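Architecture and fold: a report
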Amino acid sequence: MADFDVDLFVIGAGSGGTRAARIAAGHGARVMIAEEDRIGGTCVVRGCVPKKLYVYASRFADDFADAAGFGWTLGEARFDWGTLRDAVAREVTRLSGLYRKGLEGAGVAVRTERAVVAGPHEVRLAGGDTVRARHILVATGGYPAFDPPIPGGELGISSNEVFHLPSLPKRMLVVGGGYIALEFASVFARLGVTVTVLHRGDNILRGFDEDIRTRLRDALAHAGITLRLGCTVERIELLEDGVRRAHCASGAPIDAEVILVATGRRPNTVGLGLAEAGVALGPVGEVIVDANSATAVHSIHAVGDVTNRINLTPVAIREGHAFADSTFGGKPWTVDHHLVASAVFTTPEIGTVGLSEQQARAAGHELRIFETGFRPMKATISGREERIYMKLVVDAQSDRMLGVHILGHDAGEIIQAVAIAVSMGATKADFDRTIALHPSAAEELVTMRTPRAG
Ligand code: NDP
């Protein structure tokens, strides 16, 4: 082993790579990590964290409006984009610094330059160094894709750039109907931007429970967002005054100062030297791995979005941790990719775990469906037209809770706790036995008694 410079070389210091590096170092491994961008990766630098801060900013609009019903008189509310943008940028810098400190504190050597695989045990750094590693972990994440390209596509921006807009646009066109498109549509609409969402499908959020999709679609429209469904952009042109004009396959063109393209992400494997080293890649460039995150080359593993399994930060972290424990800690374990809860931070937000009603039926389950829709207590006095919707998908034979879906305030917070029960195999009877916490919205989860007819 003496001819290896390090025991582990990690390419990519995002959520998965950073966790793997720190845990491996804790097990006594000599670890080096390389990052070509900022330490922290998509989640910290240009994803979950800054996005959630923008979501908080956008929701003040509702809070100010709601306050009047509770007796508050507020002055004129004004929003300054530059203040928010710069505050979020400072927080990202602080967090990125903490990530670096965490790595260095654990004894990991950090290189801020691009690294590529040069062989099963060899990594080449952009600065010219070559490092021999006993193990290589690929944790390079993904990048925003606009595929296939369209004429003028470069006039659009991706979620990478949306955090740094020089000023708040008057109009924004958002292309796509997934997580990123809808979260930013929600944010910018509440910050005062006129937002249009243009999506190729006949409804948003493909794969989510149909009742949640439809109710969110209606809620977004109610919040003033224009939804153009069943429609694609064919080309974008730049008008003289800097306005972008999107020409659609059907209907009138759409003018906007900013076009945000959020049509999915691709695994970041281009030019990484993986195929040359013998690593198998899938149709969208993802690294093919087994349950141990092992690739076709015994010394190379991969975790996180680059493997295109479940593209969520906590999943990448868990995969990185399992790899490090298994490879360097003498404690082999694998990640259970079932029953991963997730949230969509639109307003209202979605929290979901397990199977949708449609997925459960397709899997052959006979179902009992419980659902409730109600006006939250706060809305009675604020006067806000707002509803919370909850659905329980229960296997009729075993009484097992197969899925829980919530649309409404704090859905993400609620579903995290519900996910513990569901992943423990909770039944509807377990939910029924749980005494409600009153007054709360979440209590409705344990008070639904009558299944939906039909
Ligand atoms: P998604 O896969 O969620 O959505 C992509 C959207 O773009 C879909 O509506 C898709 O339509 C549409 N689309 C894809 N290709 C084209 C095309 N060529 N032309 C027009 N429309 C197209 O990707 P996102 O980029 O929104 O997010 C990437 C991933 O990041 C998510 O899947 C999620 O795993 C993660 N994420 C998680 C968040 C969270 O946990 N809150 C927040 C943000 C991201 P169709 O449905 O027809 O395929």
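In case you missed it, the structure is sitting above this.
Summary of the structure given here. The residue numbers shown here count from 1 along each chain, following its written sequence. The predicted nature of this model means local features are confined to residues of pLDDT at least 70 and side-chain atom pairs, given and counted, to a pLDDT of 80 or more, with totals for whole chains, interfaces and linings taken over all residues. Side-chain metrics rest on all non-hydrogen atoms present in the structure, leaving aside hydrogens and water.

1. Some points on the site of the ligand
Stated precisely, the cut-off is as follows: It suffices for a single heavy atom of a residue to lie within 4 Å of a molecule or strand for the residue to be listed as near it. Pairs of N or O atoms are called polar contacts if they sit within 3.5 Å, as long as, within protein, a hydrogen donor faces a hydrogen acceptor (for residues adjacent in sequence, only side-chain-to-side-chain pairs). Residue-level accessible areas treat just the shown protein chains as cover; the underlying method is Shrake-Rupley with a 1.4 Å probe. Residue classes follow a fixed rule: Ala, Val, Leu, Ile, Met, Phe, Trp, Tyr, Cys and Pro count as nonpolar, while Asp, Glu, Lys and Arg count as charged, and any other residue, Gly among them, counts as polar.
Around the ligand, the surrounding shell holds 20 residues, and the nearest of these are D147, I180, R200, R206 and A343. A distance of 2.9 Å separates an oxygen atom of the ligand from a polar atom in the backbone of G177. One of the backbone nitrogen or oxygen atoms of G264 is found 3.2 Å away from an oxygen atom of the ligand. Contact with the protein chains hides 77% of the accessible area of the ligand, taken as 910 Å² for the molecule alone. Across the shell around the ligand, the residue classes tally to seven nonpolar, seven polar and six charged.

2. Observations concerning the packing of helix 1 (residues 15-26) against helix 4 (residues 81-105)
Counted only if it meets this: Note on geometry: axes are C-alpha line fits, over the in-contact stretch for helices, and angles between N-to-C directions span 0 to 180 degrees. The numbering of helices and of strands both runs from the N terminus, where a helix is a DSSP run of H or I of at least 4 residues and a strand a run of E of at least 2. Small angles under 35 degrees read as roughly parallel and large ones over 145 as roughly antiparallel, with 65 to 115 read as roughly perpendicular and the rest as oblique. A clockwise turn of the near helix away from the far one marks a right-handed crossing, whereas an anticlockwise turn of less than a right angle marks a left-handed crossing. Contact between two residues is taken to exist if any of their heavy atoms lie within 4.5 Å; hydrogens are not considered.
Relative orientation of the contacting elements helix 1 and helix 4 amounts to 25 degrees, with a least axis distance of 9 Å. Considering the angle they form, helix 1 stands roughly parallel to helix 4. In this structure, helix 1 meets helix 4 at a crossing whose hand is left-handed. The segment helix 1 lies against helix 4, with T18, A21 and R22 engaging Y99, G102 and L103.

3. Observations regarding the pairing of strand 11 (residues 233-238)
Note the cut-off: Think of it this way: DSSP has to see at least two bridges between two strands before they count as a pair.
Sheet topology note: the strand 11/strand 12 (residues 244-248) ladder contains five bridges and is antiparallel. Bridge assignment links E237 to a residue of strand 12, and that residue is R245. With antiparallel pairing between neighbouring strands as the criterion, strand 11 and strand 12 make up a hairpin whose turn holds five residues, including G242 at a positive phi of roughly 85 degrees.

4. Observations regarding the sheet that holds strand 14 (residues 258-261)
With parallel pairing, four strands are arranged side by side in an open sheet as 10-9-8-14. Taken across any chain shown, the strands that pair with only one partner, and hence form the sheet edges, are strand 10 (226-229) and strand 14. This sheet shows a mean twist of 20 degrees between the axes of neighbouring strands, independent of strand direction. Here four bridges tie strand 9 (residues 194-199) to strand 10, and the two strands are oriented parallel to one another. Paired with T196 across the strands is T226, a residue of strand 10. Sheet strands touched by helix 6 (residues 179-190): strand 8 (171-175), strand 9 and strand 14. Its angle to strand 9, the strand with the most contacts, is close to 165 degrees.

5. Topic: the environment of R265
If you trace the backbone, R265 turns up in strand 15 (residues 265-267). Measuring from C-alpha to C-alpha, the distance between R265 and G141 comes to 9.4 Å, with 124 residues separating the pair along the chain. Those residues in contact with R265, other than ones at most four positions away along the chain, are T42, G142, Y143, P144, A145, S159 and I180. Looking at R265, its side chain comes within polar contact range of the side chain of T42, at 3.3 Å. Polar contacts involving the side chain of R265 include one to the main-chain carbonyl oxygen of G142, which spans 2.8 Å.

6. Overview of helix 6
Our working definition: The span expected for a helix works out to 1.5 Å for each residue beyond the first. Buried means the residue's accessible area, taken with a 1.4 Å probe over protein chains only, is under 20% of the maximum for its type, while exposed means over 50%, and partly exposed covers the values in between.
With 12 residues, helix 6 extends 17 Å between its outermost C-alpha atoms, agreeing within 8% with the 16 Å of an ideal straight helix rising 1.5 Å per residue. Of all the 12 residues making up helix 6, 10 are buried; the element is thus mostly covered by neighbouring parts of the structure. Every buried residue of helix 6 is accounted for by A181, L182, E183, F184, A185, S186, V187, F188, A189 and R190.

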